[in-house]
Amino acid sequence: MGSQIWPLGLCFLMGVFSFISVSSKALVGDGTVFIDGKAAIGRIDDDFVCATLDWWPPEKCDYGTCSWGHASLLNLDLGNNILLNAIKAFSPLKLRLGGTLQDKVIYDTPDDQQPCVPFANKSSEMFGFTQGCLPMNRWDELNTLFEKAGAKIIFGLNALYGRSIQSDGSAVGAWNYTNAESLIRYTVGKNYTIHGWELGNELSGNGVGTRVAADQYAFDTVALQRIVQNIYKEVEPKPIIIAPGGFFDANWFKEFLNKTSKSLDVVTHHIYNLGPGVDQHLVEKIIDPSYLDGEANTFRSLHNIVRSSETSAVAWVGEAGGAYNSGHNLVTNAFVFSFWYLDQLGMASSYDTKTYCRQSFIGGNYGLLNTTTFEPNPDYYSALLWHRLMGNNVLSTSFSGTKKIRAYAHCAKHSKGFTLLLINLDNSTTIQVKVAFNRTSSSRHKHRFHRKHIRLPQGYKSENDREEYHLTAKDGNLHSQTMLLNGKILTLNSSGDIPPLEPLYANSSSPISVAPFSIVFAHIPNVVPPACR
């Protein structure tokens, strides 16, 4: 949503949240993760991990509430070394620039004759703000940072420009693309590389604030594609066309895809399945396996629509903050949120989602970075481990033994073998996890899994070892904003550098021990499923 509103009840509800930590009871259980490695069930981009940056002013008051500490694209401190290092660590990180106010941004290009004025609070306006302006010197500064950091940029264009908003909430008329076309020409003229141009934010289906009909949206997307084709005719690399950046509505998305089959590269949808940030039951939802399973319906439905359509577009999650209206302090920016976030990455991958954009990189209470210090929140390290360990090919994975374990597997990234992600939502039981392959195959039809002889990096004792990355909360407190990797606190050094993410080593034939309320990545390099060859 890009929405950063803190309702009035927030301060009260902060006292309602009970601080949940790991139980002191020492219980042990066991289970088996079954991996069918015959063929990949999905394939993700190398740069699957993506994050968003918003237009919200650093302080805003609307709808009778106030919020603060936001990192706006117009005001973000671009000279901060920690910010630069945090982006560089992914090499590359996709950044989606947009959010709620993107459809109210005017681009101050040389062709634009309007005065360049900032956003201003106005309660009678949609989203509580007037139109705002992106000065080209700020666009230059942003692109300088992105180039230095090696980020891949997706820019959300103003899709409401030229339309009129009706009393029933619909936006009618064709998109006036002249201002967007001018920005694109300016960008190409400056030799800035844009990975993708995305049309609009949350205007699909019933919309948020307003909506655009699917047939009109398709018409406008075709227009964008023609503009980009024309401007980039002699330019490489060519950007991709992305839309609609809204909440999933099956009928709307089906019609839209059918009418943009040759003009669209990526279809994006947004996820805030935990409800409002002030919900006092957020943690209960996050650690409830049945609640987490609910979002699979959206992934499955969109996946089926894409497959049955003639479109060549692939699916992305264009924005996902879990809990809308800025999330909740000490929940969506604390250790506990990695359960939701990593489960989402695993679930999205299993439905062939190519990229997943987290709301936000910095801003609100769901940023990967702390809004004040820019230091990483726990989810930053979760995202970085995923980025480094989980390869393109997604393996079919199931777990037997307890419903409290979430399990996902991918071929290893830039390495032999495969990587397993295990999430333990139980607060008192350590699960000893065994790994088995091809559960549905009879013994005589089982595929042979190659065992590779590997060169041993430092730390390995034998070629049968695996790498393990155990993530836990400081002092076992789920609301902690400090994450431990293999028992050691993850923190920046004095130069603001991201710490090394070093594994433990264990024999691959032994069970993987997943402690209560913990997360484990296990890279098993010497077993290579057929899908990973």
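What this report covers is the structure whose coordinates are included nearby. Within every chain, residues take consecutive numbers counted from 1 along the sequence as written. Whole-chain, interface and lining totals are the exception, using all residues; otherwise, since this is a predicted model, local features are given only for residues with pLDDT of at least 70 and side-chain atom pairs are given and counted only at 80 or more. In computing side-chain properties, one takes all heavy atoms of the structure into account and sets aside hydrogens as well as water.

### Focus on the overall build of the protein
Step number 1: Secondary structure is summarised from DSSP: a helix means a run of H or I of at least four residues, a strand means a run of E of at least two, and numbering begins at the N terminus for each. Each helix and strand counted, the protein has eleven helices and 30 strands in total.
Step number 2: Only heavy atoms enter the contact rule, under which two residues are in contact if any of them lie within 4.5 Å. Long-range contacts, defined here as pairs at least 24 residues apart, represent 77% of the contacts in the protein between residues at least 6 apart.
Step number 3: In this description, accessible areas are obtained by the Shrake-Rupley approach with a 1.4 Å probe, and a residue is regarded as covered only by the protein chains that are shown. Approximately 21100 Å² of the protein is accessible, and the part contributed by carbon and sulfur atoms is 48%.

### As for the nonpolar core
Step number 1: The definition of a nonpolar core used throughout is a set of buried Ala, Val, Leu, Ile, Met, Phe, Trp, Tyr and Cys residues joined through side-chain atoms within 4.5 Å. Three exposure classes are used, based on accessible area relative to the maximum for each residue type with a 1.4 Å probe and protein chains only: buried under 20%, partly exposed in between, and exposed over 50%. Judged by nonpolar contacts, the single largest core of 133 residues is most densely connected at Leu95, Trp139, Phe339, Tyr356, Phe361, Tyr380 and Phe521.
Step number 2: Setting aside anything within four residues of it in sequence, one finds tyrosine 380 in contact with Asn85, Ala86, Ala89, Phe90, Phe361, Leu368, Leu369 and Ile498.

### Looking at the sheet that holds strand β13 (residues 240–247)
Step number 1: Criterion used throughout: strands pair if DSSP finds at least two bridges between them. Overall, parallel pairing links the eight strands, which are arranged β3-β6-β9-β12-β13-β14-β16-β18 in a closed barrel. Averaged over neighbouring strand pairs, the angle between their axes works out to 25° when direction is ignored.
Step number 2: Summarising the sheet, strand β6 (residues 94–98) and strand β9 (residues 152–157) pair through four bridges and their orientation is parallel. Looking at β9, one finds that lysine 94 is bridged to lysine 152.
Step number 3: To define axes, lines are fitted to C-alpha atoms, for helices over the stretch in contact only, and angles between the resulting N-to-C directions are given on a 0 to 180 degree scale. Against the sheet, helix α4 (residues 178–189) touches β9 and β12 (196–199), its axis set at about 160° to β9.

### Things to note about the pattern of salt bridges
Step number 1: Salt-bridge detection follows one rule: a side-chain nitrogen of Lys or Arg within 4 Å of a carboxyl oxygen of Asp or Glu. One pass over the structure, following the stated rule, counts 19 salt bridges.
Step number 2: For arginine 163, the salt bridge identified is with aspartate 220, shortest N-O distance 2.6 Å. Here arginine 163 is found in the loop between β9 and β10 (164–165), whereas its partner aspartate 220 is found in helix α5 (residues 214–231), with 57 residues between them in sequence. Here arginine 163 matches aspartate 220 in class, with each residue buried.

### Here we look at the side chain of glutamine 102
Step number 1: Here glutamine 102 shows up in the loop between β6 and β7 (105–108).
Step number 2: The class of glutamine 102 is buried, set by a relative accessible area of 0%.
Step number 3: If we skip the residues at most four places from it in the chain, glutamine 102 touches Trp55, Arg96, Leu97, Gly156, Leu157, Asn158, Glu198, Gly200 and Asn201.

### Examining the packing of aromatic side chains
Step number 1: Aromatic pairing here means that ring centres of Phe, Tyr or Trp (its six-membered ring) are within 6.5 Å. Orientation follows from the plane angle: under 30 degrees is stacked, over 60 is edge-to-face, and everything else is tilted. A full pass over the atoms with the stated rule returns 22 aromatic pairs.
Step number 2: Their ring planes at 70° and their centres at 5.7 Å tell us that phenylalanine 155 and tryptophan 197 sit as a pair that is edge-to-face. Residue phenylalanine 155 is located in strand β9, and its partner tryptophan 197 is located in strand β12; the two are separated by 42 residues in the primary sequence. Take phenylalanine 155 and tryptophan 197: they sit in the same class, and that class is buried.
Step number 3: On the numbers, 5.9 Å between centres and 35° between planes, the contact of phenylalanine 339 with phenylalanine 517 is tilted.

### As for helix α11 (residues 378–389)
Step number 1: What a helix should span is 1.5 Å times the count of its residues minus one. Helix length check: α11 (twelve residues) gives 17 Å between terminal C-alpha atoms against 16 Å at 1.5 Å per residue, within 8%.
Step number 2: Of all the twelve residues making up α11, eleven are buried; the element is thus mostly covered by neighbouring parts of the structure.
Step number 3: Within α11 the residues assigned to the buried category are Pro378, Asp379, Tyr380, Tyr381, Ser382, Ala383, Leu384, Leu385, Trp386, His387 and Leu389.

### Observations regarding the packing of helix α3 (residues 136–149) against α4
Two quantities define a packed helix pair, namely the angle between the helix axes and the distance between the axes.
Step number 1: Two elements in contact, α3 and α4, have axes separated by 12 Å at closest approach and are oriented at 50°. Relative to α4, the element α3 is oriented oblique. The chirality of how α3 crosses α4 is right-handed. For the pair α3 and α4, contact is made by Met136, Trp139 and Asp140 and by Leu183, Tyr186 and Thr187, respectively.
Step number 2: For the contact of α3 with α4, the class distribution of residues is four nonpolar, one polar and one charged. Reported orientations rely on four angle classes, namely roughly parallel under 35 degrees, roughly antiparallel over 145, roughly perpendicular from 65 to 115, and oblique for the rest. In a left-handed crossing the near helix is turned counterclockwise from the far helix by less than a right angle, and in a right-handed crossing that turn is clockwise. For this scheme, ten residues count as nonpolar: Ala, Val, Leu, Ile, Met, Phe, Trp, Tyr, Cys and Pro. Four count as charged, namely Asp, Glu, Lys and Arg, and the remainder, Gly too, count as polar.

### A word on the packing of helix α6 (residues 250–258) against helix α9 (residues 296–308)
Step number 1: Where α6 contacts α9, the two axes come as close as 10 Å, and the packing angle between them is 25°. When the interaxial angle is binned, α6 and α9 end up roughly parallel. Crossing of α6 against α9: the hand is right-handed. Between α6 and α9, the contacting residues are Ala250, Phe253, Lys254 and Leu257 on the first element and Ser301, Leu302, Ile305 and Val306 on the second.
Step number 2: The residue makeup of the contact of α6 with α9, split by class, is six nonpolar, one polar and one charged.

### So, the state of the cysteines
Step number 1: Two cysteine sulfur atoms form a disulfide, by the criterion used here, when they sit within 2.5 Å. Enumeration over the complete set of coordinates arrives at three disulfides.
Step number 2: Each sulfur of the disulfide joining cysteine 50 and cysteine 357 lies 2.2 Å from the other. Across the S-S bond linking cysteine 50 and cysteine 357, the dihedral sits near 85°, which makes this disulfide right-handed. Taken as a pair, cysteine 50 in strand β3 (residues 49–54) and cysteine 357 in strand β18 (residues 355–358) lie far apart in primary sequence, 307 residues in all. Grouping residues by exposure puts cysteine 50 and cysteine 357 together as buried.
Step number 3: Covalent S-S linkage joins cysteine 116 and cysteine 133, the inter-sulfur distance amounting to 2.0 Å. On the sign convention where negative means left-handed, the S-S torsion of about -100° between cysteine 116 and cysteine 133 marks this disulfide as left-handed.

### Let's talk about unusual backbone geometry
Step number 1: Cis geometry is adopted by the peptide bond preceding proline 92, which originates at serine 91 and carries an omega value of 10°.
Step number 2: Mapped onto the elements of the fold, proline 92 is located in the loop between α2 (81–88) and β6.
Step number 3: A cis amide bond, omega 0°, links alanine 243 with the succeeding residue proline 244.
Step number 4: Examined against the element boundaries, proline 244 turns out to sit in strand β13.
Step number 5: Positive phi, close to 55°, is recorded for histidine 414, a residue that is not glycine.
Step number 6: Here histidine 414 shows up in the loop between β20 (405–412) and β21 (418–424).
Step number 7: When its relative accessible area of 72% is taken as the criterion, histidine 414 is described as exposed.
Step number 8: A positive phi angle is found at aspartate 475, which is not glycine, with a value near 60°.
Step number 9: With respect to the secondary-structure elements, aspartate 475 resides in the loop between β24 (465–473) and β25 (483–485).
Step number 10: For aspartate 475, a relative accessible area of 70% gives the class exposed.

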